[in-house]
Amino acid sequence: MPMPWFLLSLALGRSPVVLSLERLEGLQDAARCSPGLSCHLWDGDVVCLPGSIVSAPGPVLVPTSLQTELVRRCYQETDCDLCVRVAVHLAVHGHWEKPEDEEKLGRAADPEPEEPRNASLQAQVVLSFQAYPTARCVLLEVQVPAALVQPGQSVGSVVFDCFEAALGTEVQIWSYTQPRYQKELNLTRQLPALPWLSVTADGDNVHLVLDVSEEQSFGLSLYWNQVQGPVKPWWHRNLAWPLEPDSVRTSICPFTEDPRAHRNLWRAARLQLLPPRGWRLDAPCSLHAQATLCWQAPGRGPCQPLVPPLPRENVTVNMALEFPLLKGHPNLCVQQVSSWEKMQLQLQECLWADSLGPLKDDMLLVEARGPQDNRSFCALEPSGCTPLLSRASTRAARLGEQLLQDLHSGQCLQLWDDDLGALWACPMDKYIHQRWVLVWLACLLFAAALFLLFLLKKDHVKGWLRLLKEDIRAGAAATGRAALLLYSADDAGFERLVGALASALCQVPLRVAVDLWSRRELSAQGPLAWFHAQRRRTVQEGGLVVLIFSPGAVALCHEWLQDAGPAPGAHGPHDAFAASLSCVLPDFLQGRAPGRYVGAYFDGLLHADAVPALFRAVPVFSLPSQLPAFLGSLQGPRGPRPGRLGERAEQVARALQPALDSCLRTPGTAGMGRGMGPEAGDRT
């Protein structure tokens, strides 16, 4: 089971229900006060200068207590920050002072109170807020009507919305008046913190460690992050209790930088053709990929990008895209390349192969248009774009004039066209037929000459013809079925053993391809491109790909199947086996392997049960004990009779035995088979 690419969301709340916070819209701060009071918030922040304490001239308003509350300030539908709401409770402090003559004589002359003693009170209340790295001061003007002015009595409160803060921080709040009539109020609060979370992966198992304090409870949910933006609700699993939509939460993506998660996602991606000229990349999650259109010639190396019609650009998964083409062609393919810098992965599909048949031996002509209707043509070949009227020693240069005539006579198919140029696919069948006509004429002339020679020297020619017939038969047998050998270069001794097997198979005869004999091509093309070309040629010619399993190869397979770490030394500069797994595994996972692949391992170097179960969908042979069956599978139904097959198996066994004995005598190698026994076998 592939490791899921998921997010972990933690929601903070009170047990047993998640804390639901009030939602504030907009960016503006605001103030409100108790009924009967009037208040006003000054625009902008002020400088915090408490000053010294002064004596009150009479009754004044002073803050008596502070109260805080957590709210959410939201700028958009899903973009909210945590905010601290502060309520300042106010009271009347002090009394009206009586004159000395009133204290001595009493107050009887004028029963009406003086005007100042019935006046309303007004105060400037300062709120100072500090929460690293934020510090703010705001000024609130509060007015109390005369009817509520009672010395020593509370008159109500004023509420400020709000000071932004982060979860887990410590906030300090001060409040005082200007001028200051008493010591400022001070309040310190520790905002709730999210728990510590750790996520680790071991193969298919994902371990989550959550450290939650006893004072708080948290909701834990697991979900897929399909696209950038809000979480899609199509798949969601709550691991604790129901989460309210307005709870305080945070999210982490623990597998964003995990190469195994990227490989799993890449293997699940598929390219689909949408008639008439559309395509789509299907994937369960968004992935980092770039796409380009390329031209795949049959049996001629990697797919060559066609930059003008479809420049390499980022791809949005699960969205239909249109090809900028006029016509489809079986050689036109879409190439997806991973743009993630930590891993180079590639996905290629020739989307018209099913509807338009196999690859054609057509020549792709690139037309470039310049000013004043100037046009130039070149042919896309493995070495590059060759000008048609050049002296290069390539097929396109030799047939340049004929290809231009075919183009002007309407025999070429136009695939793409715009103001800068066009693409044309020109068939090459007739030129191949012309070459065959010349070959047949030469053969007829040669046959006529032989016939005349036979008439002149009948007896001598008979012996010579007999020898020629045997040579022709031997040459025909030398062009036997194709076999591509893939192996992991565990050490030099194992490479010699594989080389001995390849040389012996050539004498069977088989047409063997192995990277030991293609070092120069591997260096020029790279292991992945070399394997693509060899595999395509082998499958198209009806041959077989032979997977030779060794401890290093099994370890590499487990690494790709996420069951073990990489084998030490398995990734050499010319290791086609490691590069080929990105293409071999999809064939086995999608059921395309039978008839195209067989497996093999050497007696004493590997136990049969060590071969991963996925690869047992095809025949797996032990060498040299099962050589007759192995050779029969390689040569197919047209192979030699059983007696002849047994003789060839003995020849191959004799050629293998010295190299196999050398491997078994090498220190640390003889026990490799025992170390990869049933107990260390497939765990996928």
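Cut-off values and rules
Residues numbered from 1 in each chain as written. Predicted model: local features only at pLDDT ≥ 70, side-chain atom pairs only at ≥ 80, totals over all residues. Heavy atoms only, no water. Phe/Tyr/Trp six-rings, centres within 6.5 Å; stacked < 30°, edge-to-face > 60°. Helix = DSSP H or I, 4+ residues; strand = E, 2+ residues; numbered from the N terminus. Buried < 20%, exposed > 50% of the residue type's maximum accessible area, 1.4 Å probe, protein only. Pairing = 2+ DSSP bridges. Core = buried A, V, L, I, M, F, W, Y, C linked by side-chain atoms within 4.5 Å. Contact = heavy atoms within 4.5 Å. Patch = residues over 30% accessible without salt bridge, like charges linked within 9 Å, V, L, I, M, F, W, Y side chains within 5 Å. Areas by Shrake-Rupley, 256 points an atom, 1.4 Å probe, with all protein chains shown as cover. Salt bridge = Lys/Arg side-chain N within 4 Å of Asp/Glu carboxyl O. pLDDT = per-residue confidence, 0-100. Axes fitted to C-alpha atoms, helices over the stretch in contact; angles between N-to-C directions. Parallel < 35°, antiparallel > 145°, perpendicular 65-115°, else oblique. Nonpolar A, V, L, I, M, F, W, Y, C, P; charged D, E, K, R; others polar.

For the chain, an unreviewed UniProt entry supplies the name Interleukin-17 receptor C isoform X17 and the organism Equus przewalskii.

A. Highlighting the packing of aromatic side chains. Inspection of the entire model under this criterion finds 7 aromatic pairs. Measuring from centroid to centroid gives 4.5 Å for Phe129 and Phe163, while their planes differ by 5°, and the two rings are stacked. Highlighted residues: Phe129 in strand E7 (residues 121-131) and Phe163 in strand E9 (residues 154-164), separated in sequence by 34 residues. Residue Phe129 shares its accessibility class with Phe163, and that shared class is buried. Taken together, the ring pairs connect Phe549, Phe588, Tyr597 and Phe615 into an aromatic cluster.

B. Highlighting the sheet that holds strand E22 (residues 321-322). Strands sit in the order E17-E18-E22 across an open sheet of 3 strands; the sheet is antiparallel. Either end of the sheet is taken by a strand with one partner, and the two such strands are strand E17 (270-274) and E22. Pairing geometry for E17 and strand E18 (residues 278-282), over 5 bridges, is antiparallel. Bridge assignment links Leu271 to a residue of E18, and that residue is Leu281.

C. Geometry of the nonpolar core. In terms of nonpolar packing, the biggest core is built from 62 residues, with Leu281, Leu287, Trp295, Leu547, Phe549 and Phe615 touching the most fellow members. Among the elements that make up this core, the one with the highest residue count is helix H12 (residues 576-589) (8 residues). In contact with Leu287, other than residues within four places in its own chain, are Leu265, Trp266, Ala269, Leu281, Val315 and Val317. Within the second largest apolar cluster, 34 residues are counted, among which are Ala502, Val508, Ala600 and Leu634.

D. A nonpolar patch on the surface, seen in detail. A contiguous nonpolar surface patch, about 330 Å² in accessible area, is contributed by Phe451, Leu452 and Leu455. With a relative accessible area of 53%, Leu452 lands in the exposed category.

E. Fine view of the confidence of the model for the chain. For the chain, mean pLDDT is 76; residues scoring 70 or higher make up 74% of the total. In this model residues 470-478 is a low-confidence stretch, pLDDT under 50, and it forms 3 contacts with partners more than four residues away in sequence or in other chains. Below pLDDT 50 for its whole length, residues 564-570 participates in 13 contacts with residues either more than four positions away or in separate chains.

F. Spatial organisation of the packing of helix H8 (residues 492-506) against helix H14 (residues 642-665). One can describe the packing of H8 onto H14 by two numbers: an axis separation of 9 Å at closest approach and a directional angle of 180°. For the element pair H8 / H14, the angle class is roughly antiparallel. Residue-level inspection shows Gly493, Phe494, Arg496, Leu497, Ala500, Leu501 and Ala504 of H8 in contact with H14, the latter providing Val652, Ala655, Leu656, Ala659, Leu660, Ser662 and Cys663. In terms of residue class, the contact of H8 with H14 is built from 11 nonpolar, 2 polar and 1 charged.

G. Representation of the pattern of salt bridges in the model. Enumeration over the complete set of coordinates arrives at 18 salt bridges. Note that Arg32 and Asp161 form a salt bridge whose closest N and O atoms lie 3.1 Å from each other. One end of the pair, Arg32, is in strand E3 (residues 30-33); the other, Asp161, is in strand E9, and 129 residues separate them in sequence. When its relative accessible area of 41% is taken as the criterion, Arg32 is described as partly exposed. Note on Asp161: relative accessible area 9%, which makes it buried. Note that Asp587 and Arg592 form a salt bridge whose closest N and O atoms lie 2.7 Å from each other.

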